[in-house]
Amino acid sequence: MEGSVTWIVVPNDDALRHDILARFHEDPLAGHPGSTRLVKLVWRSFWWPHLVMDAENFVRTCSLCQHNKALSSKGRGLLQPLPVPDAPWESVSMDFVVALPETEGGYDSVLVMVDRLTKMVHLAPCTSSCTAEQTARLFFR
Ligand SMILES: [Zn+2]
């Protein structure tokens, strides 16, 4: 009969169902469709209970999709780079590397100060409980 659809009812076999979803989702021509389009593609030939739920779970756990799909939320705007400093040590980035093995002097962290212009680095030993005042003293020293 014209217009009729023949479905293959897939048995209750998680590996088989996963394999079918993978073939449709990872087909180079399909290009990792979202769950709605994936269900439509699978429905052309196959059916099983909870196909929609299985497709949603499959797409949600696809590592390629998680890494590459653009966010559907509002855009993030343009990158706003910091201005380039005019002189060395005019603008300095600071970071703590913490929870290191404790030294004989009792230090377990390092304050890393980098000049944003020359990328010159100064390191200062400190502790993970270093206060703002202690950090300022280290910085000026
Ligand atoms: Zn994917």
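Residues numbered from 1 in each chain as written. Predicted model: local features only at pLDDT ≥ 70, side-chain atom pairs only at ≥ 80, totals over all residues. Heavy atoms only, no water.

Student: Requested: an account of the domain arrangement of the protein, with residues and values cited.
Tutor: Along its sequence, the protein is carved into domain 1 (8–68) and domain 2 (92–140). Inter-centroid distance (C-alpha atoms) of domain 1 to domain 2 is 50 Å. (Domains from an automatic or database assignment.)

Student: Give me the nonpolar core: which residues, what numbers.
Tutor: Counting residues in hydrophobic clusters, the biggest one holds 13 residues, and the most contacted among them are Ile-20, Leu-21, Leu-38, Val-42, Phe-46 and Trp-48. Only helix H1 (14–26), helix H2 (35–43) and helix H3 (51–60) provide two or more residues apiece to this core. With four residues, H3 is the single largest residue contributor to this core. Setting aside residues up to four positions removed in sequence, Leu-38 forms contacts with Leu-21, Phe-24, His-25, Pro-33, Ala-55, Phe-58 and Val-59. (Core = buried A, V, L, I, M, F, W, Y, C linked by side-chain atoms within 4.5 Å. Buried < 20%, exposed > 50% of the residue type's maximum accessible area, 1.4 Å probe, protein only. Helix = DSSP H or I, 4+ residues; strand = E, 2+ residues; numbered from the N terminus. Contact = heavy atoms within 4.5 Å.)

Student: Tell me what's going on with the sheet that holds strand E4 (residues 109–115), and back it up with residues and numbers.
Tutor: Strand pairing in a sheet relies on backbone hydrogen bonds, with the paired strands running either antiparallel or parallel. Spatially, E3-E4-E5 is the arrangement adopted by the three strands of the open sheet, whose pairing is antiparallel. With one partner strand each, in any of the chains shown, strand E3 (92–97) and strand E5 (121–126) form the two edges of the open sheet. In this sheet, adjacent strand axes meet at a mean angle of 20° when their direction is disregarded. Looking at chain direction, E3 and E4 are connected through six bridges and run antiparallel. In the sheet register, Ser-93 faces E4, and the bridge partner there is Val-114. Along the sheet face, helix H5 (residues 132–140) touches E3, E4 and E5 and points at about 125° away from the line of E3. (Pairing = 2+ DSSP bridges. Axes fitted to C-alpha atoms, helices over the stretch in contact; angles between N-to-C directions.)

Student: Tell me what's going on with the packing of aromatic side chains, and back it up with residues and numbers.
Tutor: If you walk through the whole model with that rule in mind, you get two aromatic pairs. For the ring pair Phe-139 and Phe-140, a centre distance of 5.4 Å and an interplane angle of 85° mean the geometry is edge-to-face. Relative accessible area serves as the criterion here: at 33%, Phe-139 is assigned to the partly exposed category. By relative accessible area, which is 70% here, Phe-140 ends up exposed. (Phe/Tyr/Trp six-rings, centres within 6.5 Å; stacked < 30°, edge-to-face > 60°.)

Student: Just give me the short version of the coordination of the zinc ion, but keep the residues and values in it.
Tutor: Every protein donor of the zinc ion is accounted for by His-25 (NE2), His-32 (ND1), Cys-62 (SG) and Cys-65 (SG), and the metal-donor separations fall at 1.9 to 2.3 Å. In this structure, the zinc ion is surrounded by four donor atoms whose angles at the metal cover 98 to 119°, and the resulting shape is tetrahedral. Every donor residue of the zinc ion comes from the same chain, spaced as H-x6-H-x29-C-x2-C. Of this pair, His-32 sits in the loop between H1 and H2 while Cys-62 sits in the loop between H3 and helix H4 (63–68); the two residues are 30 residues apart in sequence, bridging distant segments of the chain. Residue His-32 is classed as buried on the basis of its relative accessible area of 16%. (Donors = N, O, S within 2.8 Å, 3.2 Å for Na, K, Ca; no water. Tetrahedral: all angles 85-135°; square planar, octahedral: opposite > 155°, others 65-115°.)

Student: How would you summarise the pattern of salt bridges if you had to cite specific residues and measurements?
Tutor: Under the defined criterion, the tally for this structure stands at two salt bridges. Residues Asp-19 and Arg-23 are paired through a salt bridge, measuring 3.1 Å at the closest nitrogen-oxygen approach. Linking Asp-19 with Arg-23, this pair stays in helix H1, spanning four residues, or about one helical turn. Taking relative accessible area as the criterion, Asp-19 reaches 34% and is therefore assigned partly exposed. Put simply, Glu-133 and Arg-137 hold a salt bridge, and the shortest N to O gap is 2.8 Å. Here Glu-133 pairs with Arg-137, and both are found in helix H5, just four residues apart, close to one helical turn. (Salt bridge = Lys/Arg side-chain N within 4 Å of Asp/Glu carboxyl O.)

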